[in-house]
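# Observations on the three-dimensional arrangement
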Amino acid sequence: MRRKQGMVTPNPEAWMARALRLARHGYYTAHPNPCVGCVLVKRQTVVGEGYHARAGEPHAEIHALRAAGEAARGATAYVTLEPCSHHGRTGPCAEALIEAGVKRVVIALSDPNPQVAGRGMKMLREAGIDVECGVLENDARELNRGFLSRMHRGRPFVCLKMAMSLDGRTAMASGESQWITGPCARSEVQRLRARSGAVISGVDSVIADDSRLTVRADQLDLPDAETIAGRQPLRVIVDSRLRLPLAAKCLRQPGRTLVATCSCDAERRQRLEAQGAEVVCLPSAPDGRVEPGALLEYLANAEDINEALLETGATLAGAMLDGGWVDEMVLFVAPTLLGGTARPLFELPGLVRMSQQKPLDITDIRALGQDWRIIAIPHSRRLQATDTQETGAQPSTKVP
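Residues numbered from 1 in each chain as written. Predicted model: local features only at pLDDT ≥ 70, side-chain atom pairs only at ≥ 80, totals over all residues. Heavy atoms only, no water.

Here we come to empty space enclosed by the protein. Within the structure shown, the criterion is met by three cavities of 30 Å³ or more. As a volume, the second largest cavity reaches approximately 160 Å³. H31, C35, L143, N306 and E307 are the residues nearest the centre of the second largest cavity, which is lined by 16 residues in total. With three residues, helix α6 (residues 145-153) is the single largest residue contributor to the lining of the second largest cavity. Looking at side-chain class alone, the lining of the second largest cavity contains six nonpolar, seven polar and three charged residues. (1 Å grid on protein atoms, 1.4 Å probe; cavity = no way out; pocket = protein on both sides within 12 Å on 5 of 7 lines; lining within 4 Å. Points joined across faces, edges and corners; volume = space filled by probe spheres on them. Helix = DSSP H or I, 4+ residues; strand = E, 2+ residues; numbered from the N terminus. Nonpolar A, V, L, I, M, F, W, Y, C, P; charged D, E, K, R; others polar.)

For the rest of this paragraph, the subject is the pairing of strand β3 (residues 45-51). In terms of residue burial, β3 counts as a mostly covered element, since six of its seven residues are buried. Pairing geometry for strand β2 (residues 37-42) and β3, over six bridges, is antiparallel. Paired with V41 across the two strands is V46, which belongs to β3. Between β2 and β3, which pair antiparallel one after the other, the connecting turn spans two residues, and R43 there sits at a positive phi close to 50°. (Buried < 20%, exposed > 50% of the residue type's maximum accessible area, 1.4 Å probe, protein only. Pairing = 2+ DSSP bridges.)

In this section: the UniProt feature "binding site: Zn(2+)" (unreviewed entry) in the protein. Under the UniProt annotation, the feature "binding site: Zn(2+)" (unreviewed entry) is placed at H59, C84 and C93. Considering the C-alpha atoms alone, the annotated residues occupy 35 residues of sequence yet fold into one spot, their largest mutual distance being 9.2 Å. Take H59: it is sitting in the loop between β3 and α2 (60-68). Judged by relative accessible area, which is 8%, C84 ranks as buried. (UniProt positions renumbered as here; feature names shortened; annotations may be inferred.)

For the rest of this paragraph, the subject is helix α3 (residues 93-100). Taken together, the buried positions of α3 are occupied by C93, A94, A96, L97 and A100. End-on view of α3: buried residues confined to an arc of 160°, all on one side of the axis. In the core, the buried residues of α3 are packed alongside α2, β4 (76-79), β5 (104-107) and α4 (119-126). Remark: G101 follows α3 within two positions and exhibits a positive phi of approximately 85°. (Arc of directions from axis to C-beta. Contact = heavy atoms within 4.5 Å.)

Glancing now at the pattern of salt bridges. Under the defined criterion, the tally for this structure stands at 25 salt bridges. Salt-bridge contacts for R141 lead to E137; the nearest nitrogen and oxygen are separated by 2.8 Å. With R141 and E137 both in helix α5 (residues 137-143) and four residues apart, the pair spans about one turn of that helix. Of the charged contacts in the structure, one is a salt bridge between R145 and E142, with a shortest N-O distance of 3.5 Å. Under the relative-accessibility criterion, E142 is labelled partly exposed at 49%. Through salt bridges that share partners, E142, R145, R195, E307 and E328 make up one connected network. (Salt bridge = Lys/Arg side-chain N within 4 Å of Asp/Glu carboxyl O.)

It is worth spelling out the sheet that holds strand β9 (residues 198-202) at this point. Within a sheet, each strand pairs with its neighbour through backbone hydrogen bonds, oriented either parallel or antiparallel. An order of β12-β11-β10-β9-β13-β7-β14-β17-β16 is seen for the nine strands of this open sheet, with the pairing classed as mixed. Both edges of this open sheet fall to β12 (278-281) and β16 (360-368), since each of them pairs with a single strand only. Neighbour-to-neighbour, the strand axes of the sheet open up by a mean angle of 25°, direction not taken into account. The pairing of β9 with strand β10 (residues 234-238) spans five bridges and is classified as parallel. Looking at the pairing, V199 lines up with R235 of β10. Against the sheet, helix α12 (residues 292-303) contacts β7 (157-165), β9, β10, β11 (257-261) and β12, and its axis sits at roughly 155° relative to β10. (Axes fitted to C-alpha atoms, helices over the stretch in contact; angles between N-to-C directions.)

On to the packing of α3 against α4, then. Between α3 and α4, the shortest axis-to-axis distance is 9 Å and the interhelical angle comes to 20°. Of the possible angle classes, the one that applies to α3 and α4 is roughly parallel. Seen along the crossing, α3 lies across α4 with a hand that is right-handed. When α3 is examined against α4, the residues A94, E95, L97 and I98 are found in contact with a partner set consisting of G120, M123 and L124. Grouping the constituent residues of the contact of α3 with α4 by class yields five nonpolar, one polar and one charged. (Parallel < 35°, antiparallel > 145°, perpendicular 65-115°, else oblique. Left-handed = near helix turned anticlockwise from the far one by under 90°.)

Structure (structure tokens):
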């Protein structure tokens, strides 16, 4: 999208901060591509800027160059991600910058995509353009944490969302859970869904709540809510034995529903597919359930999922947390008590000693109406490379 011209500060970090703000305009729409912003500056004046809105549409650099026209010649480009150097749905942005006569390119983050991975910067330098990389790099990493996770680790960034009472309960013993939290918290959940490529739930949770697992425009509280809700995240039901009811609401919503199973029941599979489900058979874990790593690898490589939101019950949530598959937790705490017979937040049966506890690093706490939102990172994840550059995983080579 193009932005109007205007005067801004000459500070390089400020230019890049502006580019990052532009990139965030694609926060809910750019996936599976990364969010990218570009600002063209000449004689301390912004002559063109833009951001990447949707896969298949022009990249940020192209929007900025179109806005600048001839003024791009001799300008400095501030780009939040290394300009691409290959032909995909669109042409190479590095080539476009060279042809426009840009004299300098400042980049926040090199592109981890194996089809770029430094080649964009190399192309620019070989054309005589001065290139600098690393300005506000950490901010750019956080903005595209899911894309980086898919490229570096071959799996999505997994955010676990849970809602609980003050005594750590998620539902009554009967399974009744609507509603623990208030409208402000529920609106935030809608935004979490909207930013995610997939929403994952366990079949037990779907059976108990008959959840739709959709993004609802009237609850987003965002500009262009209807447009954002027009792209529904992939609904993923982890259903090891194919117990999903054929009348489940999630099968009758806009978008796709993927059932991940390790069952060989061909008749049950055919019935689900007749109701609109897509069924994929994945390897099983020793406990007979779908192996989480296989599921996440499938979502990254077959579905191009950058970020996955895990909305489920205590069993699957506990298994994902215990297995180290959760990158971030978003916990909504309501000022109410459900009592000792209500259902717990997690099932972690292996914890019997204090030495086995799973500490969390809390990164944010804030009020949402009458509720509280806590963002936490499992301590085991903090001890690893928190910039999603773990070693050993093969990056995805499928280019959006």
